[in-house]
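# Descriptive structure summary
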Amino acid sequence: MPKTDCGKSLSLMSGGETEKALRFHKSFPQYAETPLVNLSHLAAYFGIKGIYVKDESFRFDLDAFKVLGGSYAIARYIAKTLKKDIAEIDYNTLISDETKQKLGDITFYTATDGNHGRGVAWAANKLRQKSVVLMPKGSSQARLQNILNEGADASITDLNYDDAVRRAGKKAAADSHGVMVQDTAWEGYEEIPGWIMQGYGSMSAETFAQLKAVGVEKPTHIFIQAGVGSLAGSVIGYFANLFPDNPPVMTVVEASAADCLYISNLAGKLVGVKGNLSTIMAGLACGEGNTISWEIIKNYAQFFVSAPDWVASRGMRVLAVPLKGDDKVISGESGAVTAGLVFTLLRDTEYRDLREALGINADSVVLLFSTEGNTDPEKFRDVVWDGEYPSANK
Ligand SMILES: Cc1ncc(COP(=O)(O)O)c(C=O)c1O
C-alpha cells in the first residue's frame, strides 16, 4: 500500500490513459507488438515459475522503447495546439499536409543519451518538422549517426546528461518556433514528460495482454531499469493502477555511477548525483530524477538496486546466449541490466539475503523489460565477443 499520497502522478498511468496511447501507436503503419520472450528453461534452471522478457529491440525498427514516449508527447502537443482530443489524432492526421499547414514550422529540441533523441528525430522527420538533439560528452558515434540519419541537427556536447538537458531547454526557449520534448520532468516542466510516460504505457499494456494470453494473470516481481525514472514511473504506475491492493514486488535498478533514485530513497527525498556519470549503461547515465515519476516510484517501488557495469554486461551475455530451447534476446547495456541482476540474484550465493527479502521462490513469475537492442554495435561486440566487464562472481 502507498506510504504517502502520489498526488496526480498515479492517475497519469491509469488504464484509460494507457489505452489512449496504445490506440495512437496502433495507428502507425510500422506498428507491431514487440515480442514477450518466455525464458521457460532459464526459469526451470533456477527453480522458479517464470521469467518473461519484453524485447523492445523490435520497436518500430528503432531498437528501443523510447520512441513510444516522444511520438505520443508530440501527438498530444499537436492535439492541444489544434484544440483536438487525442482520440481524434492518428498517424495519418499527424503526417497530413493539413496538419502541417495548421501547425506551421516547429523545431523540437531535446537532449539524449541516444534512444530518446532518435525517437524524437524520427517523429519530427515523419511530421516534416525539424529537430535539434544534444548528446552528452562521451556519447557513441553510432548512436549519434542513427539520430543524424533521421534528419536531426544532432551533436555531442562537452556536458553531462543533466547539463545537456538544461542547454537544450535554453535553446528551445530562445527559438520562437521551439518546443522542448524532454523525457524528464522538473518543477514547471511536467506536461510533456507526463505524456512521455503515458506513451511508454503502450509497452506495459502490450505486455500485460501478452502475459494474460499465456495464462499469467499477474507477474509476482518486476525489475525495471532507471535513468531519470520516467520509464520506471510509467511501468510501476501502470501495474500499481492494475493491482492497487496487491501490486507486484517492484524493484528499480540503476547504474551505480548514476544512482539518483537509489540515493533519493535513502534520503527520503529526490536528490541528485553529480559528475560525469560514467557507465556503460548510457541510457541510465542520468543524475537527476523525474519529479512526477518520483511520486510514483517512492510509493510503489519496494527495492532499489545500484548495479555496477558487470551486471549489465552479464545480462547482455545471458540474454544473447540463452539455454537450449529459450529464444535469444539481443539486448544493449541499458536493456540488459535487470536480466543480469536477476541472474546474479538467482545464482550467486552471496546475494541470497536479497533474494529472500524479495521473496523470490518456486511460485515467482519475474517480468523484465529489455528496453534496447544492439544500439552501440562496437560496445556490444566488446562485451559479448570479448567478455568486457567480466562478472565479479563466477
Ligand atoms: C534503453 C534504455 N533503457 C532505459 C532507459 C531509462 O529510462 P528513464 O531515463 O526514463 O529512466 C533509457 C533512457 O534513455 C534507455 O535508453
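Residues numbered from 1 in each chain as written. Predicted model: local features only at pLDDT ≥ 70, side-chain atom pairs only at ≥ 80, totals over all residues.

## Some details on the site of the ligand
Near the ligand there are 21 residues, and of these Gly227, Ser230, Gly283, Thr371 and Glu372 occur at the shortest range. Secondary structure elements with two or more residues in the shell around the ligand: helix H7 (115–126), helix H11 (230–242) and helix H15 (333–347). Ranked by residue count, the leading element in the shell around the ligand is H11, at 3 residues. Within the shell around the ligand, the residues separate by chemical class into 7 nonpolar, 10 polar and 4 charged. Counting only domains with at least three residues in the shell around the ligand, you end up with domain 1 (9–65 + 192–384) and domain 2 (67–188). (Near = placed C-beta within 6 Å. Helix = DSSP H or I, 4+ residues; strand = E, 2+ residues; numbered from the N terminus. Nonpolar A, V, L, I, M, F, W, Y, C, P; charged D, E, K, R; others polar. Domains from an automatic or database assignment.)

## Brief notes about the packing of helix H4 (residues 67–81) against helix H10 (residues 191–213)
It is the contact of H4 with H10, at a shortest axis distance of 7 Å, that shows an interaxial angle of 125°. It follows that H4 is oblique to H10 by the angle criterion. By crossing handedness, the relation of H4 to H10 is classed as right-handed. Contact with H4, carried on its side by Leu68, Gly69, Gly70, Ser71, Tyr72, Ala73, Arg76 and Tyr77, involves Ile192, Trp195, Ile196, Met197, Gln198, Gly199, Tyr200, Ser202 and Met203 of H10 and no other residues of that element. The residue inventory of the contact of H4 with H10, partitioned by class, reads 10 nonpolar, 6 polar and 1 charged. (Axes fitted to C-alpha atoms, helices over the stretch in contact; angles between N-to-C directions. Parallel < 35°, antiparallel > 145°, perpendicular 65-115°, else oblique. Left-handed = near helix turned anticlockwise from the far one by under 90°. Contact = placed C-beta atoms within 7 Å.)

## With respect to the domain arrangement of the protein chain
Bring the parts together and some accessible area is lost; that lost area is often taken as the interface size. Along its sequence, the protein chain is organised into domain 1 (9–65 + 192–384) and domain 2 (67–188). Summarising the inter-unit geometry, the C-alpha centres of domain 1 and domain 2 are found 24 Å apart. Each partner contributes residues to the interface: domain 1 has 42 residues there, and domain 2 has 36 residues. Going through the elements one at a time, helix H2 (15–26), H10, helix H13 (291–300) and helix H17 (377–384) are the ones with two or more residues in the side of domain 1 that touches domain 2. Top contributing element to the side of domain 1 that touches domain 2 by residue count: H10, with 10 residues. Tallied by class, the residues present in the side of domain 1 that touches domain 2 amount to 22 nonpolar, 13 polar and 7 charged.

## Re the sheet that holds strand E6 (residues 178–180)
One key point about sheets: their strands pair by backbone hydrogen bonds, in either a parallel or an antiparallel sense. Read across the sheet, 4 strands follow the order E5-E4-E3-E6 without closing on themselves; strand pairing throughout is parallel. Whereas interior strands pair on both sides, the edge strands pair on one side only; in this sheet they are strand E5 (153–156) and E6. Adjacent strand axes in the sheet meet at a mean angle of 15°, parallel and antiparallel pairs treated alike. Relative to strand E4 (residues 130–135), strand E3 (residues 107–111) runs parallel, the two being bridged by 5 bridges. Bridging across to E4, phenylalanine 108 finds its partner in serine 131. (Pairing = 2+ DSSP bridges.)

## Structural notes on the environment of isoleucine 156
Within the fold, isoleucine 156 resides in strand E5. Separated by 20 residues in the primary sequence, isoleucine 156 and proline 136 place their C-alpha atoms 5.8 Å from one another. Once residues within four sequence positions are removed from consideration, isoleucine 156 is found in contact with Met135, Lys137, Ser139 and Leu144.

## What to know about the environment of glycine 15
Counting through the fold element by element, glycine 15 comes out in helix H2. A count of 12 C-beta atoms within 10 Å places glycine 15 in the exposed class. Expressed as a C-alpha distance, the spacing of glycine 15 and glutamate 150, which sit 135 residues apart in the sequence, is 32 Å. Once you skip the residues sitting within four places of it in the chain, glycine 15 turns out to touch Asn241 and Leu242. (Buried ≥ 20, exposed ≤ 12 C-beta atoms within 10 Å, placed from the backbone.)

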